[in-house]
Amino acid sequence: MFHLESVSKQYQQGDKTVSALDTTTLDIQRGEFIAIVGPSGSGKSTMLTLLGGMLAPTSGKVWFGGQSLYDLTVTERAELRRLKMGFVFQTFNLIPYLTALENVEVPLLLRGDSKQNQRRRALELLDQLGLGDRAHHKPNQLSTGQQQRVALARTLANDPCVILADEPTGNLDPESRNQVLAFLEEFHRQGKTIIVVTHDPEVARRAARTWQMNAGGVGHLLASQTPKAA
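Residues numbered from 1 in each chain as written. Predicted model: local features only at pLDDT ≥ 70, side-chain atom pairs only at ≥ 80, totals over all residues. Heavy atoms only, no water.

Draft legend 1. Structural view of the pattern of salt bridges. Within this structure, the stated rule accounts for 15 salt bridges. A salt bridge links lysine 61 to aspartate 71; its shortest N-O distance comes to 2.5 Å. Here lysine 61, found in strand E4 (residues 59–64), pairs with aspartate 71, found in the loop between strand E5 (67–68) and helix H2 (74–84); they are 10 residues apart in sequence, far enough to count as distant. Judged by its relative accessible area of 30%, lysine 61 falls in the partly exposed class. On the basis of relative accessibility, which here comes to 55%, the residue aspartate 71 falls in the exposed class. (Salt bridge = Lys/Arg side-chain N within 4 Å of Asp/Glu carboxyl O. Helix = DSSP H or I, 4+ residues; strand = E, 2+ residues; numbered from the N terminus. Buried < 20%, exposed > 50% of the residue type's maximum accessible area, 1.4 Å probe, protein only.)

Next comes the structure, spelled out in structure tokens:
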């Protein structure tokens with residue numbers, strides 16, 4: 001699914017060049033569940049945004065499904081993200097004046113679905129995530145864990161084949177964290193590719209592969225694990 005070919009990323013800070021990602025070549029197969037771990041500043045979020053087509057590398061190529069992401073135009077990359085990728089963030093980015101149902105409908109509206117299809121799909125996802133009875137609540141009427149599940153439902157609305165998640169459990173209590181992890185595992189069982197940046201050892205334990213990043217590089221690949229039930 002993904003292939004990184006001699007990819008690096010540097011930033012300029014004044015007259016100083018900072019390496020966020022050293023020259024890296026690696027592959028991610030369709031249907032994998034990968035956790036990216038490492039200390040702050042090690043390049044984890046840089047890796048995720050490179051994979052998501054949002055941050056061009058300084059050198060090298062990022063391939064997705066046989067396409068060179070950064071040889072596409074900005075518009076083409078945006079369309080690819082809309083159709084193929086879903087994003088989950090530590091800050092949920094819900095629209096505060098919309099209900100849970102309306103938040104989930106947004107990507108379907110942008111896709112041009114009929115109102116009937118928007119409503120059906122959004123309700124289906126909220127039910128799947130245990131929020132059918134919260135569909136008409138606004139974000140400030142929901143717990144933190146419920147808001148994250150609404151954000152997950154919105155991510156899944158367009159049925160992406162890959163989910164890129166940046167610290168999806170970072171603000172959650174243990175019960176909500178376990179719920180979100182259980183849902184990610186379920187989406188993985190459905191064949192979706194899951195790539196998660198995390199400081200949470202429980203997330204890494206659930207993943208099938210874990211990448212250790214340190215000072216801008218992908219270090220040793222930890223042994224594959226068998227994900228455990230929530």
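Next, the rest of the story.
Draft legend 2. The arrangement of helix H6 (residues 174–189) in detail. The first and last C-alpha atoms of H6 sit 22 Å apart over 16 residues, in line with the 22 Å expected at 1.5 Å per residue. On its buried side, H6 packs onto strand E3 (33–37), helix H4 (115–128), helix H5 (144–156), strand E7 (162–166), strand E8 (193–197) and helix H7 (201–206). For H6, the N-terminal cap is aspartate 173; the gap from its side-chain oxygen to the backbone nitrogen of glutamate 175 is 3.1 Å. One or two positions beyond H6, positive phi appears at glycine 191, with a value near 100 degrees. (Expected span 1.5 Å × (residues − 1). Contact = heavy atoms within 4.5 Å. Polar contact = N/O pair within 3.5 Å; in protein donor to acceptor, adjacent residues only side chain to side chain.)

Draft legend 3. Quick look at the packing of aromatic side chains. Summed over all chains, the structure comprises two aromatic pairs. With a centroid separation of 4.9 Å and an interplanar angle of 45 degrees, the aromatic rings of phenylalanine 2 and phenylalanine 64 are classed as tilted. Of this pair, phenylalanine 2 sits in strand E1 (residues 2–13) while phenylalanine 64 sits in strand E4, placing them 62 residues apart in sequence. An identical accessibility class is assigned to phenylalanine 2 and phenylalanine 64; each is buried. Where phenylalanine 87 meets phenylalanine 89, the ring centres are 6.3 Å apart and the plane angle is 5 degrees; that geometry is what we call stacked. Relative accessible area serves as the criterion here: at 32%, phenylalanine 89 is assigned to the partly exposed category. One cation-aromatic arrangement involves lysine 9 over tyrosine 11; the distance from NZ or CZ to the ring centre is 5.5 Å. (Phe/Tyr/Trp six-rings, centres within 6.5 Å; stacked < 30°, edge-to-face > 60°. Lys NZ or Arg CZ within 6 Å of the ring centre and 35° of its normal.)

Draft legend 4. Representation of the packing of helix H3 (residues 100–111) against H5 in the model. Running from N to C, H3 and H5 point in directions that differ by 25 degrees, and their axes come no closer than 7 Å. What the angle tells us is that H3 and H5 run roughly parallel. As for how H3 packs across H5, the hand of that crossing is right-handed. Between H3, through Ala100, Asn103, Val104 and Pro107, and H5, the contact on the second element is made entirely by Val150, Ala153 and Arg154. For the contact of H3 with H5, the per-class residue count stands at five nonpolar, one polar and one charged. (Axes fitted to C-alpha atoms, helices over the stretch in contact; angles between N-to-C directions. Parallel < 35°, antiparallel > 145°, perpendicular 65-115°, else oblique. Left-handed = near helix turned anticlockwise from the far one by under 90°. Nonpolar A, V, L, I, M, F, W, Y, C, P; charged D, E, K, R; others polar.)

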